[in-house]
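Structural overview
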Amino acid sequence: MATYVGFLRAINLGANRKFPKDAIRAAVEAAGFTDVETYINTGNVRFATALRSRPRIEAALEEAFLADRGFEVPTIVFTPKELSEIAEHAASFGHGGRHYVSLLKEEPTQDAIAKVEALTSAGEVARVSGRAVHLLLGENYHEAKLTNAVVERHLGVATNRNLTVIEALARKWGG
């Protein structure tokens, strides 16, 4: 059995997309995954499975979440080692403002990476590393122009976590 970390996109936003962490855990277990643990209510779940294909794991989870909730929940999966590498890379930036990480479902093309990184301005920087986009922002995230929505427009399905959550998950579940 291998361990993976899943990140659920667009849950617990508004009244119609509620998916509490206990319900996430139950849905993952019902789908046949084991050693399931969740972390805070933003859609972070660790689990073990005999499956080895990331797309197959993501599809199985998305199917289970749709059956449980009645709405689609895009899910992005990383190995514990990949999660640790994302957190370690984030530390190398030494950014003093807000640091968010958009986690990508698919590996981006070089052309798409160049387009996102070209959106960098004096106060906002985007740096792509594998399936992680580091958004180095000023103090007010809600005024930022570089957002997860911008990342998704250029690089496909993504979900966003602040660096504090990424670091906590890497300490807790990293490899």
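Anyway, here's the lowdown on the structure attached to this text. (Residues numbered from 1 in each chain as written. Predicted model: local features only at pLDDT ≥ 70, side-chain atom pairs only at ≥ 80, totals over all residues. Heavy atoms only, no water.)

With that settled, consider the overall build of the chain. Looking only at helices and strands, the chain has 6 helices and 8 strands in total. Taking 16 Å as the expected radius of gyration for a compact globule of 175 residues, we find that the chain reaches 16 Å, a close match to that expectation. Counting the 175 residues in the chain, one finds 46% classified as buried. When contacts within the chain are restricted to residue pairs at least 6 apart in sequence, those whose partners lie at least 24 apart make up 67%. Of the roughly 8,500 Å² that the chain leaves accessible, carbon and sulfur atoms contribute 50%. (Helix = DSSP H or I, 4+ residues; strand = E, 2+ residues; numbered from the N terminus. Rg over C-alpha atoms; globule rule 2.2 N^0.38 Å. Buried < 20%, exposed > 50% of the residue type's maximum accessible area, 1.4 Å probe, protein only. Contact = heavy atoms within 4.5 Å. Areas by Shrake-Rupley, 256 points an atom, 1.4 Å probe, with all protein chains shown as cover.)

Notably, Ala10 is not glycine yet its phi reads approximately 60°, a positive angle. Locating Ala10 in the fold gives a position in the loop between β1 (2-8) and α1 (21-30). Classification of Ala10 as buried rests on a relative accessible area of 19%. Positive phi is not limited to glycine here, since Ile40 has a value of about 40°.

The next point concerns the layout of surface pockets. Counted as a void, the largest pocket has a volume near 300 Å³. A total of 4 residues in the lining of the largest pocket trace back to one element, the largest contributor, which is strand β8 (residues 158-162). Tallied by class, residues from the lining of the largest pocket come to 5 nonpolar, 7 polar and 2 charged. In this structure, the second largest pocket occupies an estimated 170 Å³ of space. Counting residues per element, the ones that place at least two in the lining of the second largest pocket are α3 (80-91) and β7 (132-137). (1 Å grid on protein atoms, 1.4 Å probe; cavity = no way out; pocket = protein on both sides within 12 Å on 5 of 7 lines; lining within 4 Å. Points joined across faces, edges and corners; volume = space filled by probe spheres on them. Nonpolar A, V, L, I, M, F, W, Y, C, P; charged D, E, K, R; others polar.)

Of all 5 residues in β8, 4 are buried, a share of seventy percent or more. Sheet topology note: the strand β5 (residues 98-104)/β8 ladder contains 5 bridges and is antiparallel. If you follow Val101 over to β8, its bridge partner there is Arg161. (Pairing = 2+ DSSP bridges.)

Moving on, we come to the sheet that holds strand β4 (residues 75-78). Strand order in the open sheet formed by 4 strands is β2-β3-β1-β4, with antiparallel pairing between adjacent strands. Both edges of this open sheet fall to β2 (34-39) and β4, since each of them pairs with a single strand only. The mean angle between the axes of side-by-side strands here comes to 25°, regardless of whether they run parallel or antiparallel. Two elements, β2 and strand β3 (residues 44-49), share 4 bridges in a ladder whose sense is antiparallel. Directly across from Thr38, in β3, lies its bridge partner Val45. (Axes fitted to C-alpha atoms, helices over the stretch in contact; angles between N-to-C directions.)

As a further point, take the packing of aromatic side chains. Considering all chains together, one arrives at 6 aromatic pairs under this definition. Note on Phe19 and Phe65: the rings are 5.3 Å apart at their centroids and 85° apart in plane angle, and the pair reads as edge-to-face. Residue Phe19 is found in the loop between β1 and α1, and its partner Phe65 is found in helix α2 (residues 54-69); the two are separated by 46 residues along the sequence. With relative accessibility at 0%, the residue Phe19 sits in the buried group. (Phe/Tyr/Trp six-rings, centres within 6.5 Å; stacked < 30°, edge-to-face > 60°.)

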